[in-house]
Amino acid sequence: MHDNTYLPDHFLRHIAAIMPAHLSMDEFVASCRRPLRRSIRVNTLKISVAAFVARMQPLGWQLDPVPWCDTGFWLSREDESVPLGNTAEHLSGLFYIQEASSMLPVTALFACEQTRRDGMLLDAAAAPGSKTTQIAALMENQGMLVANEYSSSRLKVLSANLQRCGVTNVGMTHFDAKVFGQWLPETFDAILLDAPCSGEGTVRKDEDALRNWSIESIDEIAAVQQGLLESAFHALKPGGVLVYSTCTLSLQENQAVCQSLQDKFGDAFSFDSLADLFPAAEKACTPEGYLHVWPQIFDSEGFFVARLRKQHSVPNTMFKPGKLGKFPFLPLPAKESEPMLREIEAAFGVVPQGNLFGRSEEIWLFPQLFEQVQGKLRFDRIGLKLAETFKKGYRLTHEWALAYGDGASKGFVELDIADAREFMMGRDVWPEQEAAGTGEVIVRYQGHTLGMGKWVGSRVKNALPRELVRDNNLFV
Ligand code: SAM
């Protein structure tokens, strides 16, 4: 029981006025005070669900499927001594800690044929990246996903999560998401707008979530949401699909925001009913076909999800191309890229996918569809940094290892648990194996990559980026 959960009277009166007749306020309050069930999503860019379950069950992990997400599970663990984020499986990106109801918007986005894994997609408010990584996994790292975030500090967390999860098809941008309708009209096949909101659905995780709650503040944020939704709608191609979601409960930030778009462009799109999205979805379905997930329905956080399809173009008075600085990258000439790719294949048995671009001492792999948005938008980072170059050659990056290392058929070393712990603590290791190798080596634990190292005699010199070094309580 979370007795300290702050549920002010004026909030409860506001909620009581909009609670559907078949749901009870007592159950709402009781569920807000109950701790949230822990849930995770398996990252299928790195491991199949079956292989993950087979790996974790012997460690005492009980995994109960989330009915609306094939890769989502509620988790209970016999041994909680190591924080979930410090487990080897988390550090090597095999799973993402994500609240179950927050898996719904991406399920809704991909439950229609318009959302193609090789398409051009936008995640308009992306950090910390639970849904970006979910989308990238469903795209199987194909096509391109533009992941935008307005807050600089949260952008860094987004970047770290993309790297840990081996995501290679994302271009990250750092704007107020209202620019997309102006700068990139009718560009995206599918868009997720997981909007900034007042977070009324999150009290089970954060007992102070409602400390500053007021009607005035939700009205203010609803105005922002309306602007973001209208802009995202302009950025959507005719025939495309858009999901609008929040982790809040008030009608102002949910149904009313959808209604405002309907009032403006009603004949140009229609909302889909999500009543059949998964068995029991109708329990949360509104008359308009949205999912309004009250916390007591599925014993989860509160959430709201609406999905629309754009039927045809609308006049766009917003259009105004953005100002771009000079693009610092050049495509890598074939005489440089081909020998490099051949060398990587010879050393590790994997071929990096995508287009190679260079700038000063860096070589990057850009997503397949990057040229569609090249010159239209300033990016913070695009795809994956493959290597850093120096006079006599190049050094493959940690992020390359996390994206490609699990698929390597050679050029890797498998550590035991003691050495794996040492490696994650930033130390060099002396793996017990018959013959030491030479040059750069992918460092793995139980078949999954922890990072890069370099053979120096029988020692593997640690090349883990300093910011990823952990000091204690690692692995079980
Ligand atoms: N989609 C994320 C996930 O699943 O991990 C959560 C997104 S959170 C609900 C909303 C995000 O929008 C926050 O990271 C916030 O910093 C960002 N944000 C706030 N105002 C924004 C704006 N005008 N444009 C874009 N992002 C914005």
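Structural data are supplied above this passage.
Residues numbered from 1 in each chain as written. Predicted model: local features only at pLDDT ≥ 70, side-chain atom pairs only at ≥ 80, totals over all residues. Heavy atoms only, no water.

Visitor: Please explain the site of the ligand as it appears in this structure.
Guide: Near the ligand lie 20 residues; those nearest to it are Ser 130, Lys 131, Glu 149, Arg 154 and Asp 194. The separation between an oxygen atom of the ligand and a polar main-chain atom of Ala 127 is 3.3 Å. A distance of 2.7 Å separates an oxygen atom of the ligand from a polar side-chain atom of Lys 131. Out of a free accessible area of 600 Å², the ligand has 85% covered by protein chains. Split into classes, the residues belonging to the shell around the ligand amount to eleven nonpolar, four polar and five charged. (Near = heavy atom within 4 Å. Polar contact = N/O pair within 3.5 Å; in protein donor to acceptor, adjacent residues only side chain to side chain. Areas by Shrake-Rupley, 256 points an atom, 1.4 Å probe, with all protein chains shown as cover. Nonpolar A, V, L, I, M, F, W, Y, C, P; charged D, E, K, R; others polar.)

Visitor: Which parts of the structure should I look at to understand the packing of aromatic side chains?
Guide: The description of an aromatic ring pair uses the distance of the two centres, along with the angle that the planes make with each other. What the rule picks out here adds up to 29 aromatic pairs. Judged by centre distance (5.9 Å) and plane angle (25°), the ring pair of Phe 327 and Phe 370 falls under stacked. With Phe 327 in the loop between strand S12 (303–310) and strand S13 (330–331) and Phe 370 in the loop between strand S15 (362–366) and strand S16 (381–382), this pair connects stretches of sequence that are 43 residues apart. Judged by its relative accessible area of 2%, Phe 370 falls in the buried class. Ring-pair connections join several aromatic residues into one group, and the members of that group are Phe 233, Tyr 244, Phe 265, Phe 269, Phe 271, Tyr 290 and Phe 304. In this structure, Arg 444 packs its charged tip against the face of Phe 412, placed 3.6 Å from the ring centre. (Phe/Tyr/Trp six-rings, centres within 6.5 Å; stacked < 30°, edge-to-face > 60°. Helix = DSSP H or I, 4+ residues; strand = E, 2+ residues; numbered from the N terminus. Buried < 20%, exposed > 50% of the residue type's maximum accessible area, 1.4 Å probe, protein only. Lys NZ or Arg CZ within 6 Å of the ring centre and 35° of its normal.)

Visitor: Got a minute to help me understand the nonpolar core in this structure?
Guide: In a soluble, globular protein the nonpolar side chains are often hidden away together inside. Judged by nonpolar contacts, the single largest core of 57 residues is most densely connected at Phe 28, Trp 68, Ile 135 and Leu 291. Among the elements that make up this core, the one with the highest residue count is helix H5 (residues 104–110) (five residues). Among the nonpolar cores identified, the runner-up in size contains 45 residues, and Met 120, Ala 306, Phe 329 and Phe 379 belong to it. (Core = buried A, V, L, I, M, F, W, Y, C linked by side-chain atoms within 4.5 Å.)

Visitor: I keep staring at helix H12 (residues 334–348) and nothing clicks. Help me out?
Guide: It helps to recall that an α-helix has 3.6 residues per turn; residues three or four apart then point in one direction. In a regular helix each residue adds 1.5 Å, so 15 residues correspond to 21 Å; H12 covers 21 Å between its end C-alpha atoms and thus fits that length. Taken from the residues just after H12, Gly 349 is the one with a positive phi, measuring 75°. (Expected span 1.5 Å × (residues − 1).)

Visitor: What should I look at first to understand the pattern of salt bridges in this one?
Guide: Pairs may arise between side chains of opposite charge once their charged atoms sit close together. Considering all chains together, one arrives at 22 salt bridges under this definition. The closest approach of N and O atoms between Arg 77 and Glu 80, which form a salt bridge, is 3.4 Å. Note that Arg 307 is salt-bridged to Asp 272, the shortest N-O span being 2.7 Å. A residue pair is termed long-range when its members are at least 10 positions apart, and Arg 307 in strand S12 and Asp 272 in the loop between strand S10 (269–271) and strand S11 (291–293) qualify at 35 residues. Taking the relative accessible area as the measure of exposure, Arg 307 reaches 6% and is therefore buried. Several salt bridges share partner residues, and in doing so they unite Arg 359, Glu 362, Lys 385, Glu 388 and Arg 395 into one network. (Salt bridge = Lys/Arg side-chain N within 4 Å of Asp/Glu carboxyl O.)

Visitor: Just to check I follow, could you spell out unusual backbone geometry for this structure?
Guide: What you tend to see is this: most non-glycine residues have negative phi, and most peptide bonds are trans. Residue Ala 127 is joined to Pro 128 through a cis peptide bond whose omega torsion reads 5°. Mapped onto the fold, Pro 128 is located in the loop between strand S5 (120–123) and helix H6 (130–138). Of note in this structure, Ala 280 is not a glycine but carries a positive phi near 85°. Along the chain, Ala 280 falls in the loop between S10 and S11.

Visitor: Looking at this model, I keep getting lost on the pairing of S15. Mind explaining?
Guide: In the case of a regular strand, side chains alternate between the two sheet surfaces. The buried fraction of S15 amounts to five of the five residues, a majority that puts the element mostly inside the structure. Covered by surrounding structure in S15 are Glu 362, Trp 364 and Phe 366 together with Ile 363 and Leu 365, the residues of both alternating faces. Bridge analysis of strand S14 (residues 355–359) against S15 gives five bridges, and the strand direction is antiparallel. Bridge pairing links Gly 358 to Ile 363 in S15. A loop of two residues connects S14 with S15, the two strands running antiparallel in sequence, and Ser 360 in this loop sits at a positive phi of about 30°. Relative to strand S17 (residues 384–390), S15 runs antiparallel, the two being bridged by four bridges. Paired with Ile 363 across the strands is Ala 387, a residue of S17. (Pairing = 2+ DSSP bridges.)

Visitor: Just checking my understanding: could you explain the sheet that holds S14 for this structure?
Guide: Strand pairing in a sheet takes place through backbone hydrogen bonds and is either antiparallel or parallel in direction. Taken together, the five strands give an open sheet; going across it, the order is S13-S14-S15-S17-S18, and neighbouring strands pair in antiparallel fashion. Two strands in the sheet have a free side with no partner beyond their single neighbour: S13 and strand S18 (393–396). Where S13 meets S14, two bridges bridge the pair, whose relative direction is antiparallel. In the strand pairing of S14, Pro 331 is matched with Phe 357. Sheet strands touched by H12: S14, S15, S17 and S18. Its angle to S18, the strand with the most contacts, is close to 50°. (Contact = heavy atoms within 4.5 Å. Axes fitted to C-alpha atoms, helices over the stretch in contact; angles between N-to-C directions.)

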